[in-house]
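These are the residues of each chain, in order.
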Amino acid sequence: MSEVSSVSPLASLYGQPQEAPTTGSADLGKDAFLRLLTTQLQHQDPTNPVRNEDFVAQLAQFSSLEQLTGVNDRLEGVYMALAAMNNASMASLLGTEVVVRGNTFSYSGDGAVELDYAAPTDAVSSSLTVYDADGAVVWTGDVGALTAGDGTVTWPGVDTNGQHADEGTYTFAVTAFDANGDPVEIEEHMTGVIDEMDYSTGTPMPSIDGVSFSIADILSLTQDGR
């Protein structure tokens, strides 16, 4: 009598992907699960068939898989709906004037620029340094005493040689000291009107004059008539 080769339970077939039917995906779908189960029953050892308990357990696994697949499909639908709603709500920020935590600004190449900051306490002395897009110092100078709270300092729009600075994107830093000579932590801000919303990365990214920033960095916003 020829020997009938035994087939391992379905769980062991998971570890032998080269024998499993291909489904066009790396995931084990419900159709592949059923084919594996059918194959196991067709080729089981008649002298040692799958026990009823094992068969019921495997059917329970299939039922759970099918339910999880349905849940995943529904969650994906909910995610897409929420993403669409989020993108639509972010579009409503266009034209809104905002104050943003950050030290980057766009310079038109014409005249002086008022740069915003927030100071936790008064400062008796301070200096402003402006950098170009490569991080090189463009201009630095004293900007006097600062008052606690929100305020502005002025960059005359020139470089260290007194020449008019080129149009482009710049960054700035304010260094300040109190009456005891201790440093005052200044937070630089960017203000302006949101004129673009970029969705290319999957996360809405607003920008002001070509300078992008995170929505999480918005400190306040104002719309005309509100």
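Anything mentioned here points back to the structure above.
On a predicted model such as this, the values are computed, not experimentally measured, just so you know. (Residues numbered from 1 in each chain as written. Predicted model: local features only at pLDDT ≥ 70, side-chain atom pairs only at ≥ 80, totals over all residues. Heavy atoms only, no water.)

J.: What am I meant to see in the packing of aromatic side chains here?
T.: Aromatic ring pairs: the centre-centre distance and the angle between the two ring planes describe each pair. For the coordinates displayed, the defined rule picks out 6 aromatic pairs. Ring centres of Phe105 and Trp155 lie 5.9 Å apart, and the angle between their planes is 70°; this geometry places the pair in the edge-to-face category. Of this pair, Phe105 sits in strand β2 (residues 104–107) while Trp155 sits in strand β6 (residues 149–155), and the two are 50 residues apart along the sequence. Under the relative-accessibility criterion, Trp155 is labelled buried at 0%. Consider the rings of Trp155 and Tyr170, whose centres lie 5.3 Å apart with planes at 50°: the pair is tilted. Of this pair, Trp155 sits in strand β6 while Tyr170 is found in strand β7 (residues 168–177), placing the two residues 15 residues apart along the sequence. By relative accessible area, Tyr170 is classed as buried at 7%. Ring pairing ties together the aromatic residues Phe105, Tyr107, Trp155, Tyr170 and Phe172, which thus form one cluster. (Phe/Tyr/Trp six-rings, centres within 6.5 Å; stacked < 30°, edge-to-face > 60°. Helix = DSSP H or I, 4+ residues; strand = E, 2+ residues; numbered from the N terminus. Buried < 20%, exposed > 50% of the residue type's maximum accessible area, 1.4 Å probe, protein only.)

J.: Explain the sheet that holds strand β12 (residues 211–212) to me, please; I cannot follow it from the model alone.
T.: For sheets, the rule is that strands pair by backbone hydrogen bonds, running either parallel or antiparallel. Read from one edge to the other, the open sheet built from 3 strands follows the order β10-β11-β12, with strand pairing classed as antiparallel. The sheet is open, and its two borders are formed by β10 (196–198) and β12, each paired with just one other strand. Here 2 bridges tie strand β11 (residues 205–208) to β12, and the two strands are oriented antiparallel to one another. Considered in β12, the bridge of Ser207 is made with Ser212. (Pairing = 2+ DSSP bridges.)

J.: Explain the environment of Ala136 to me, please; I cannot follow it from the model alone.
T.: Within the element layout of this structure, Ala136 appears in the loop between β4 (125–131) and β5 (137–142). Sequence separation of Ala136 and Thr171 is 35 residues, and the distance between their C-alpha atoms is 9.9 Å.

J.: Explain the sheet that holds strand β13 (residues 218–222) here, please?
T.: Strands sit in the order β6-β3-β9-β1-β13 across an open sheet of 5 strands; the sheet is antiparallel. Looking at which strands have only one partner, the edges of the open sheet turn out to be β6 and β13. Going from strand to strand, the sheet's axes swing by 30° on average, the running direction of each strand aside. (Axes fitted to C-alpha atoms, helices over the stretch in contact; angles between N-to-C directions.)

J.: When you look at the side chain of Asp116 in this model, what are you seeing that I'm missing?
T.: By the secondary structure assignment, Asp116 is in strand β3 (residues 113–119). Put simply, Asp116 is tucked away with no salt bridge, and the nearest opposite charge, on Arg101, sits 14 Å away. Among the polar contacts listed, one links the side chain of Asp116 to the side chain of Thr191, at a separation of 3.1 Å. (Lys, Arg positive; Asp, Glu negative; His and termini not counted. Salt bridge = Lys/Arg side-chain N within 4 Å of Asp/Glu carboxyl O. Polar contact = N/O pair within 3.5 Å; in protein donor to acceptor, adjacent residues only side chain to side chain.)

J.: Help me understand unusual backbone geometry in this model?
T.: It is generally the case that most residues other than glycine have a negative phi and that most peptide bonds are trans. Phi at Asp209 is positive, roughly 50°, even though this residue is not glycine. Following the sequence through the fold, Asp209 ends up in the loop between β11 and β12.

J.: Would you mind going over the nonpolar core with me for this structure?
T.: The nonpolar side chains of a soluble globular protein tend to be buried with one another. Judged by nonpolar contacts, the single largest core of 22 residues is most densely connected at Phe105, Leu128 and Trp155. With near-sequence residues (within four places) excluded, Leu128 lies in contact with Leu115, Trp139, Thr140, Gly141, Val143, Val153, Thr154, Trp155, Phe172, Ala173 and Val174. (Core = buried A, V, L, I, M, F, W, Y, C linked by side-chain atoms within 4.5 Å. Contact = heavy atoms within 4.5 Å.)

J.: Help me understand the environment of Val153 in this model?
T.: Position of Val153 relative to the elements: it lies in strand β6. For Val153 and Leu115, which are 38 residues apart along the polypeptide, the C-alpha to C-alpha distance reads 5.3 Å. Sequence-distant contacts of Val153, that is, excluding residues within four places in its chain, are made with Val113, Glu114, Leu115, Tyr117, Leu128, Val143, Leu146 and Val174.

J.: Would you mind showing me how to read the pattern of salt bridges here?
T.: Side chains that differ in sign of charge can pair as their charged atoms come close. Evaluated as defined, the whole model comprises 2 salt bridges. Linking Glu187 and Arg101 is a salt bridge whose minimum nitrogen-to-oxygen distance equals 3.2 Å. Taken together, the residues Glu187 in strand β9 (residues 187–193) and Arg101 in strand β1 (residues 97–101) connect sequence positions 86 residues apart. Residue Glu187 is classed as partly exposed on the basis of its relative accessible area, which comes to 31%. Of the residues examined, Arg101 reaches a relative accessible area of 36% and is grouped as partly exposed. Across the pair Asp217 and Arg101 runs a salt bridge, and its minimum N-O distance is 3.6 Å. Placement of Asp217 in the loop between β12 and β13 and of Arg101 in strand β1 is noted, with a sequence separation of 116 residues between them. What makes Asp217 partly exposed here is its relative accessible area of 26%.

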